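Fold and geometry: a report
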Amino acid sequence: MRKRLLASAAAVAAFGLLPALSATPAGAANAGPGAPGIGDPYYPTYGNGGYDVSHYDLRLSYQPATDTLSGTTTLTARATQGLTSFDLDFALPVSRVTVDGRPAAFAASGEQELVVTPARTIPRGRTLTVAVTYSGVPSSVQRYGFTSWMRTPDGGVAANEPESAWWWFPSNDHPADKATYDVDVKVPQGDQAISNGLLLSQSTRGGWTDFHWRQERPQATYLATLAVGHFDFTHARSAGGVPVLNAYSPDLDPATAANARASVERTGEIVDFLSGYFGPYPFDSAGGYVPNVTAGFALETQTRVFYSPKFFTKGPNTSVVAHELAHQWYGDSVSLERWSDIWLNEGFAGYAEWLWAEHEHTGTPQELARAVYDAHPASDPFWTVKPGDPGAANQFDDAVYDRGALAIQALRDTIGDHAFLALLRAWPTQHRYGNGTIAEFEALAERLSGKDLGAFFTTWLYTTAKPATFPGA
Ligand code: ARG
Ligand code: ZN
C-alpha cells in the first residue's frame, strides 16, 4: 500500500528504460521494466518501482540444526505501470517464480535484486500474484558485507534496520510500501516460531509444529520479524485492554533473564501510559521477545519488539521498552516515506523515554533535554549531524536520538504545552497506518500552534552547529 510516489526518480528511471515497441496486449502500451529502487535518497536500490504490495503470505519451514529456511512467499500487488519485468529485493537462492500461476523467468542482479520477467506483460492497474519458492542458509548469505540473520545456539532471528527482509522473504523492501502479513512457519516439534501480530494457530504433525502469525495492519518490511528457537511465552492484558504476548529465551543467564522479565513484563503498563500522549494503541497485540543473541540493539518490530539481552545485563531497563513501544505509533503505525526522515522515528522514541522518566520520577523532559544541550560543547562533532537529514552513514548516530529528542523539547518550549500535546497525538492519529514526512509534520505543528516554525526547524534539525540558546533556559 503506497499513499503517494516518492521522488520521481523511480518513474524517470522506468521511462528511461522503455523498450522498443513490440506486440503488447491492450492496456500494456508504454510498459517497461519496473525501476530497481523506489526512489529513496539514501538507498537508491532499496524497494522497487512499478508495483505496490498489499499482502505477503509466507509459508516457510526452518531447520535450526542446519540453519535452513525453505518455502514459498506469495505477494499480492497492483501494477502502478505497465510491466515487462519488475524487481523484488531478496538474497536467498530461488528455485521457482510464478506470476498469476504461470512460471516466470528470474535472475539475481546486484546485491539484493531479483529480476522477474513474467511470461506476459502486466498492464498498469492489474492485480498480480507473485509466488517465489526458495531455500537457503540465511546466516551464510552476505550482502554489502553483512547478514541480518542472527544465528542463535538453538535457531535464528531476523531483525535489522533498514535491511532485514532480504534474508527471509522477497519484498518491495521500503517503508513507503506497507502491507499486511500472514507468516506461517513450521519448526521441529519442541521449537517455537515468533513473528508479528496475533498467533492464529499452532499445530503439531509428523514432528513439526506449525506457527501461523497474522499482522492485520499495514506493516513496513523492516518491521517484520521472525525468531525460531526455544522460547517461554507470557500472556497478559494491559489495564487498558491491549493483549500482550512476550517471549524469552530460556538460555539467558539468570540475572539477565530476571532483569529482562522485570522490564518487558511492564509492556502493558507502558503501552497504556504512552496511549495517554499518543492516542489509542494502534494494533491488536503488543509485546516483545528476548532471544539468545549478542546484538547491541533493539528494534521496534511491529507489535513484537526485538530486544537484545544486552539491554538487561546491568539491571531492569524500562527506558528501552518505552522507546520501542513509542515506535509503535512513531515509526510503525506512521512510517517513514523516506529514510532521511528518520528523526520522525528516533527523535520521538527518544522523547518518549523522557516522558516515561518523568512518570518514573527519574527526571523531567526539560531536565533531560538540558543535560543533552549542556553535555555537548559547541566544538563537539555531535552538532555536525543534522537530525533532519543525517546522511545514510549517520542514520542511527547519537545525534539523531539525543539531539533529535532535544529538538522536540525545544519545540515544546517554543509552541507551549497546549499545542505540543495536541501535536503529539494528532500526528499518529492523522497518519495512522500510513506514512509521513518531516515537512508534513512541520506543517501540522504550524497549523496547531499558529506559529511560523521555518526558522525553528532550520536551527534544530537542519543546522550543523549548536543552537545558540535553549528555549526553556
Ligand atoms: N530503530 C532501532 C531503535 O529502536 C535502531 C536500530 C538500529 N541499529 C541497527 N543495528 N540496525 O533504536
Ligand atoms: Zn528507536
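Data block above holds the structure.
A short tour of the structure in this document, coming up. (Residues numbered from 1 in each chain as written. Chains lettered and ligands numbered in written order. Predicted model: local features only at pLDDT ≥ 70, side-chain atom pairs only at ≥ 80, totals over all residues. Heavy atoms only, no water.)

Regarding the packing of helix α6 (residues 365-375) against helix α7 (residues 398-430)
Packing of α6 against α7 leaves a shortest axis separation of 9 Å and a crossing angle of 125°. Judged on the interaxial angle alone, α7 and α6 are oblique. Crossing of α6 against α7: the hand is left-handed. Where α6 approaches α7, its residues Pro365, Gln366, Ala369, Val372 and Tyr373 are matched on the opposing element by Asp402, Arg403, Leu406, Gln409, Arg412 and Asp413. In terms of residue class, the contact of α6 with α7 is built from five nonpolar, two polar and four charged. (Axes fitted to C-alpha atoms, helices over the stretch in contact; angles between N-to-C directions. Helix = DSSP H or I, 4+ residues; strand = E, 2+ residues; numbered from the N terminus. Parallel < 35°, antiparallel > 145°, perpendicular 65-115°, else oblique. Left-handed = near helix turned anticlockwise from the far one by under 90°. Contact = heavy atoms within 4.5 Å. Nonpolar A, V, L, I, M, F, W, Y, C, P; charged D, E, K, R; others polar.)

Notes on the packing of helix α3 (residues 267-278) against helix α4 (residues 318-326)
Here α3 crosses α4 at 50°, and the two axes come no closer than 10 Å. Considered as vectors, α3 and α4 are oriented oblique to each other. Both α3 and α4 take part in a crossing whose hand is right-handed. For the pair formed by α3 and α4, the contact residues are Thr267, Ile270, Val271, Leu274 and Phe278 on the first element and Thr318, Val321, Ala322, Leu325 and Ala326 on the second. Looking at the contact of α3 with α4, its residues break down into eight nonpolar, two polar and no charged.

A closer look at the coordination of the zinc ion (ligand 2)
The coordination sphere of the zinc ion (ligand 2) contains the protein donors His323 (NE2), His327 (NE2) and Glu346 (OE), at a distance range of 1.9 to 2.0 Å. Mapped onto the sequence, the residues coordinating the zinc ion (ligand 2) show the spacing H-x3-H-x18-E. Since its relative accessible area comes to 5%, His323 is described here as buried. (Donors = N, O, S within 2.8 Å, 3.2 Å for Na, K, Ca; no water. Buried < 20%, exposed > 50% of the residue type's maximum accessible area, 1.4 Å probe, protein only.)

Notes on the pattern of salt bridges
Two side chains carrying opposite charge are able to pair once their charged atoms lie near each other. Inspection of every chain in the model, using the stated rule, returns nine salt bridges. With a closest N to O distance of 3.3 Å, Glu360 and Arg266 form a salt bridge. Note that Glu360 is positioned in the loop between α5 (343-359) and α6 and Arg266 in the loop between α2 (254-264) and α3, a separation of 94 residues in sequence. We classify Glu360 as partly exposed; its relative accessible area is 26%. Via salt bridges that share partners, Arg266, Glu269 and Glu360 belong to a single interconnected network. (Salt bridge = Lys/Arg side-chain N within 4 Å of Asp/Glu carboxyl O.)

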